[in-house]
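In case you want the letters, here they are:
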Amino acid sequence: MLTSNVLKGITKGFPLKISSTKVENAPVDYNRDFIIRIMQRIEYDALRGAVTDLGLHESLPETISESTQQNEEFLKKLHKVLLEYEVEEGELICPETGRKFPISKGIPNMLLQETEVS
């Protein structure tokens, strides 16, 4: 994606939109400490956008306050959204260009086309 930004002058390529045709839910053991540590590194607005794009029925608050960060129910929702939902089939979509990157078997293909390299 960095290469695409440099070559084509893309300035608003984040966050990518996400569209899915197949999402799987695979339970993962809850680890409170991990969620608290990773929460500081998440672009939270982008995460909320992805939850909406995917049509997940998980309600996340608009912002994360100090009290929210310690709320066990919120931490478990965050865990579920981050670790238990897996997009198996779909696409990532650049918000500026509309370029679509296919997701197949859970792996996004973000390779540039030959026409994008020149």
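Residues numbered from 1 in each chain as written. Predicted model: local features only at pLDDT ≥ 70, side-chain atom pairs only at ≥ 80, totals over all residues. Heavy atoms only, no water.

An unreviewed UniProt entry lists the protein under the name Multifunctional methyltransferase subunit TRM112-like protein, with Rotaria magnacalcarata given as the organism. Its UniProt record gives the protein a comment under Sequence similarities (unreviewed entry), which states: "Belongs to the TRM112 family." (UniProt positions renumbered as here; feature names shortened; annotations may be inferred.)

Draft legend 1. Summary view of helix H5 (residues 72-84). Given a rise of 1.5 Å per residue, 13 residues ought to cover 18 Å, and the 17 Å separating the end C-alpha atoms of H5 matches this to within 8%. Within H5 the residues assigned to the buried category are Phe-74, Leu-75, Leu-78, His-79, Val-81 and Glu-84. Lining the buried residues of H5 we find strand S1 (17-25), helix H2 (32-39), helix H3 (44-54), helix H4 (66-69) and strand S2 (85-93). Here H5 starts with a cap whose side-chain oxygen sits 2.9 Å from the backbone nitrogen of Glu-73, and that cap is Asn-71. (Helix = DSSP H or I, 4+ residues; strand = E, 2+ residues; numbered from the N terminus. Expected span 1.5 Å × (residues − 1). Buried < 20%, exposed > 50% of the residue type's maximum accessible area, 1.4 Å probe, protein only. Contact = heavy atoms within 4.5 Å. Polar contact = N/O pair within 3.5 Å; in protein donor to acceptor, adjacent residues only side chain to side chain.)

Draft legend 2. Structural view of the sheet that holds S2. As summarised here, the arrangement of the four strands in space is S1-S2-S3-S4, forming an open sheet in which the pairing is antiparallel. Every other strand in the sheet has two partners, leaving S1 and strand S4 (107-108) as the edge strands with one partner each. Relative to S2, S1 is paired through eight bridges, and the arrangement is antiparallel. In the sheet register, Glu-24 faces S2, and the bridge partner there is Glu-86. Together, S1 and S2 form the strand contacts of H3, whose direction differs from that of S1 by roughly 70°. (Pairing = 2+ DSSP bridges. Axes fitted to C-alpha atoms, helices over the stretch in contact; angles between N-to-C directions.)

Draft legend 3. Seen up close, the packing of H3 against H5. The N-to-C vectors of H3 and H5 enclose an angle of 70°; their axes lie 11 Å apart at closest approach. In terms of orientation, H3 lies roughly perpendicular with respect to H5. Of the two elements, H3 crosses H5, and the hand of that crossing is left-handed. Only Phe-74, Leu-78, Val-81 and Leu-82 of H5 make contact with H3, whose side of the interface consists of Tyr-44, Leu-47 and Val-51. A breakdown of the residues in the contact of H3 with H5 according to their chemical character gives seven nonpolar, no polar and no charged. (Parallel < 35°, antiparallel > 145°, perpendicular 65-115°, else oblique. Left-handed = near helix turned anticlockwise from the far one by under 90°. Nonpolar A, V, L, I, M, F, W, Y, C, P; charged D, E, K, R; others polar.)

Draft legend 4. The arrangement of H3 in detail. By the burial criterion, the buried members of H3 are Tyr-44, Ala-46, Leu-47, Val-51 and Leu-54. Summarising the axial view, the buried residues of H3 lie within an arc of 160°, below the 170-degree limit, and thus occupy one face. Across from the buried face of H3, at angles greater than 90 degrees, the exposed residues are Asp-45 and Thr-52. Phi turns positive, to about 70°, at Gly-55, one or two residues after H3. (Arc of directions from axis to C-beta.)

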